[in-house]
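Structural overview
The chain contents come next:
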Amino acid sequence: MKLIKKILLLSLLNGSVVLFAQEPELADLLQNIESREKISLDGNWDVIIDPLENGYYNHWLTPKKEGYNVNKKMKSPSDLIEYNFDTSPQLTVPGDWNTQMEKLYYYEGTIWYKKDFSYTPEADEQVYLYFEAVNYEAMVYLNGELLGTHIGGYTPFQFDISNKIKNGNNFIVVKVDNKRKRENVPTLNQDWWNYGGITRSVHLISMPVSHIADYSVQLAKGKNDTIEGWVKVKNSAPGQTVRVTIPELNQDVTLPLENGKAAFSLEVSPTLWEPDNPKLYEVLIETGSDHLKDNIGFRTIETRGSSILLNGKNIFLKGISIHEEAPFKTGRVTSKEECLILLNWAKELGCNFIRLAHYPHNETMVREAEKMGLMVWSEIPVYWTILFDNPDTYTNAENQLVTMISRDKNRAAIVLWSLANETPESDARYAFISKLAQKVRSLDQTRLITAALDSQTEGENGNIIEDRLGEVIDVIGINSYCGWYGGSPESCATLRWASKFDKPMIMSEVGGGALYGLHGETNERWTEEYQADVYLNNIEMIRHIDFLAGISPWILMDFRSPRRSLNRIQDDFNRKGLISEQGRKKQAFFILQDFYLNENNQF
Ligand code: GCU
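Residues numbered from 1 in each chain as written. Predicted model: local features only at pLDDT ≥ 70, side-chain atom pairs only at ≥ 80, totals over all residues. Heavy atoms only, no water.

Describing the overall build of the protein chain
Tallying secondary structure elements over the protein chain gives 8 helices and 33 strands in all. The globule rule puts the C-alpha radius of gyration for 603 residues at 25 Å, and the 25 Å found for the protein chain is close to it. Projected onto the principal axes, the alpha-carbon positions of the protein chain cover approximately 75 × 70 × 40 Å. Expressed as a percentage of the 603 residues in the protein chain, the buried residues total 62%. Summarising the internal contacts of the protein chain: among those between residues at least 6 apart in sequence, 72% fall at separations of at least 24. Accessible surface, the protein chain: about 23,500 Å² in total, of which carbon and sulfur atoms supply 49%. Averaged over its 63 positive side-chain charges, the protein chain has a centre that lies 3 Å from the centre of its 81 negative ones. (Helix = DSSP H or I, 4+ residues; strand = E, 2+ residues; numbered from the N terminus. Rg over C-alpha atoms; globule rule 2.2 N^0.38 Å. Buried < 20%, exposed > 50% of the residue type's maximum accessible area, 1.4 Å probe, protein only. Contact = heavy atoms within 4.5 Å. Areas by Shrake-Rupley, 256 points an atom, 1.4 Å probe, with all protein chains shown as cover. Lys, Arg positive; Asp, Glu negative; His and termini not counted. Charge placed at Lys NZ, Arg CZ, Asp CG, Glu CD.)

Here's what the structure looks like:
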């Protein structure tokens, strides 16, 4: 009897109507590691800085039989081994290497990381080695053996090491390389520091052989009275079932697993997640001896003409853009506390929305934003001039996209998947990004697709949005720097916009730079007064865009960039923050705050 009918029959028997959701081809990535039993491998790792990749290649540039991955030790006094992790310097994981060691500030290349750990395997156990992110290329070895490689600096990856981990001493070696390459994503030029290293946490995750690998629990598309979902269980046994419970909604279903999968649909109307009431429900999933819990919100997001509707109601996205730059210490964000500092500043600004630029930020950032009622724009680093006609570049971009969606698909806060930022118009670019959009639509029908464009045409009566990508995306992001990269601040107040598309626009970037504490006339660059004037006039411009559904000015906090070398002003920092990297609020912060908190007629 065909599978769907069997499951339908079985679920009808236990009272929940089942829709067999064709489970999308997501990344093979454990969902919700936050709630998993895990051993942290964070802390100090021994490192070898290897600019010539001497630990990998021989003098003929062919891979060595035994590279630094084997962590070779002297056996006899005459042995020749020209490296030794145990006497080498250390770097802290998670963290970038550029802000940890003066001599690594500009370093782009290979660094070998080594970590020893002792392990006592348990019966009936599956063990994963999970990296939350490594920038950019990682070759991972366990006890000298290659587990695999990963490219892309901002997405998680894992290895099943159940049959490789030893009882007792083990060692992991990771060859990390953050060299920029033309075919990479992002490519050679970017306006943020290319922080290298094992930039996010590393975990050993142990679970029963038969375990919950992945799941999705969301409102059915366009419905607020039906929760739909599926669960994927690895190594399930014949007749094994999975139980999904949402206690607060009195939902409790037990489903048969078919090939390790089960789907469900629950007729129930949850309180919907929204900025003023970011309601999350505890969801429990159990199978065999494995169980986990998640806190999930339910909301609908859609467009209607040039409006964005959250839970069926018009909403204006009062946002700010954020880079994953740590406040005060600078470098990559490495802690929940740093995430909270950034998010609390956004809340203080009056935001209900944040644009996490230009790459997927760490999972904690997204989860904490969700708890705070901040809607999220999440983006992959298809940034500026990547090689749109290179198939490997496409595969790389698509992998980052699929992993981003896989990791965060249960986060109600994420309302927009962004596919690109400021990419030059071309047929190859159109095809590349259209294909990515199709991929999103095949994976997730519950969110909107966007991209940040800077291709507006300057017409007689103002700027016109007519970039072909406008056909492909649901919401049109526009980066505009009136009063900074072009025009005087005053000219912005009368600048008008038109669009070829009956779609919502988000001003995804707008703003100007200022050095905190530098004061002067409004026409003096880099003063707080100049930046404030840019904001005042752009806010006036924004008031006149009737198809505008939100803004995310550039940017919450000054951040490090190798493109910003104006001494005594920039000093390697992009100064468009409303707050300095040392947490000092500039005048423009209060102008935008006033716009968000007091402009009731607009929102
Ligand atoms: C661009 C880009 C940002 C950059 C900003 C700037 O629009 O998207 O990454 O930092 O402009 O010039 O400050």
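The discussion continues.
A short note on helix 4 (residues 391–408)
In this model helix 4 runs 26 Å from its N-terminal to its C-terminal C-alpha over 18 residues, within 8% of the 26 Å that 1.5 Å per residue would give. In terms of burial, helix 4 is largely enclosed, as 14 of its 18 residues are buried. (Expected span 1.5 Å × (residues − 1).)

A word on the side chain of Glu 379
Note that Glu 379 resides in strand 23 (residues 375–379). Judged by its relative accessible area of 0%, Glu 379 is buried. Within the structure, Glu 379 has its side chain in polar contact with the side chain of Arg 355 (distance 2.9 Å). A distance of 2.9 Å separates a polar atom in the side chain of Glu 379 from a polar atom in the side chain of His 358. For Glu 379, the contacting residues outside a window of four places in its chain are Arg 355, Leu 356, His 358, Tyr 359, Pro 360, Met 404, Ser 418, Ala 420 and Asn 421. (Polar contact = N/O pair within 3.5 Å; in protein donor to acceptor, adjacent residues only side chain to side chain.)

Observations regarding the state of the cysteines
Inspection of the entire model under this criterion finds 1 disulfide. The partner cysteine of Cys 482 in its disulfide is Cys 492, sulfur to sulfur 2.2 Å. Taking the sign of the torsion about the S-S bond as the criterion, the disulfide between Cys 482 and Cys 492, at about -100 degrees, is left-handed. Linking Cys 482 in the loop between strand 28 (475–479) and helix 6 (489–492) with Cys 492 in helix 6, this pair joins segments that are 10 residues apart in sequence. Cys 482 sits in the buried class, given a relative accessible area of 9%. When its relative accessible area of 0% is taken as the criterion, Cys 492 is described as buried. Cys 339 carries a free sulfur, and the closest cysteine sulfur to it, the one in Cys 351, is 16 Å from it. You can call Cys 339 buried: its relative accessible area is 1%. (Disulfide = S-S within 2.5 Å.)

Let's talk about the confidence of the model for the protein chain
For the protein chain, per-residue confidence averages 95 on the pLDDT scale, and 95% of positions sit at 70 or higher. This model gives residues 1–21 a pLDDT under 50, and the stretch forms 31 contacts once residues within four places in sequence are excluded. (pLDDT = per-residue confidence, 0-100.)

Quick look at the pairing of strand 10 (residues 202–207)
Burial analysis of strand 10 places 6 of its 6 residues in the buried class, the great majority of the element. In the sheet, strand 1 (residues 38–40) pairs with strand 10 via 3 bridges, with the strands oriented antiparallel. Along strand 10, the bridge assignment pairs Ile 39 with Leu 204. Where strand 5 (residues 126–131) meets strand 10, 6 bridges bridge the pair, whose relative direction is antiparallel. (Pairing = 2+ DSSP bridges.)

Let's talk about the packing of aromatic side chains
Scanning all chains against the criterion turns up 26 aromatic pairs. Centre to centre, the rings of Trp 97 and Tyr 107 are 5.7 Å apart; their planes meet at 55 degrees, and the pair counts as tilted. Here Trp 97, found in the loop between strand 3 (90–93) and strand 4 (110–119), pairs with Tyr 107, found in the loop between strand 3 and strand 4; they are 10 residues apart in sequence, far enough to count as distant. We note that Trp 97, like Tyr 107, is buried. The ring of Tyr 281 has Lys 279 sitting right over it, with the charged end atom 4.7 Å from the ring centre. Between Lys 585 and the ring centre of Phe 589, over which it is positioned, the NZ or CZ distance is 5.3 Å. (Phe/Tyr/Trp six-rings, centres within 6.5 Å; stacked < 30°, edge-to-face > 60°. Lys NZ or Arg CZ within 6 Å of the ring centre and 35° of its normal.)

Some points on the pattern of salt bridges
Summed over all chains, the structure comprises 45 salt bridges. We note a salt bridge from Glu 325 to Arg 560, for which the minimum N-O separation is 3.9 Å. Taken together, the residues span a long stretch of sequence, with Glu 325 in the loop between strand 21 (317–322) and helix 2 (336–349) and Arg 560 in strand 32 (residues 559–560) at a distance of 235 residues. There is no split in this pair, since Glu 325 and Arg 560 are both buried. (Salt bridge = Lys/Arg side-chain N within 4 Å of Asp/Glu carboxyl O.)

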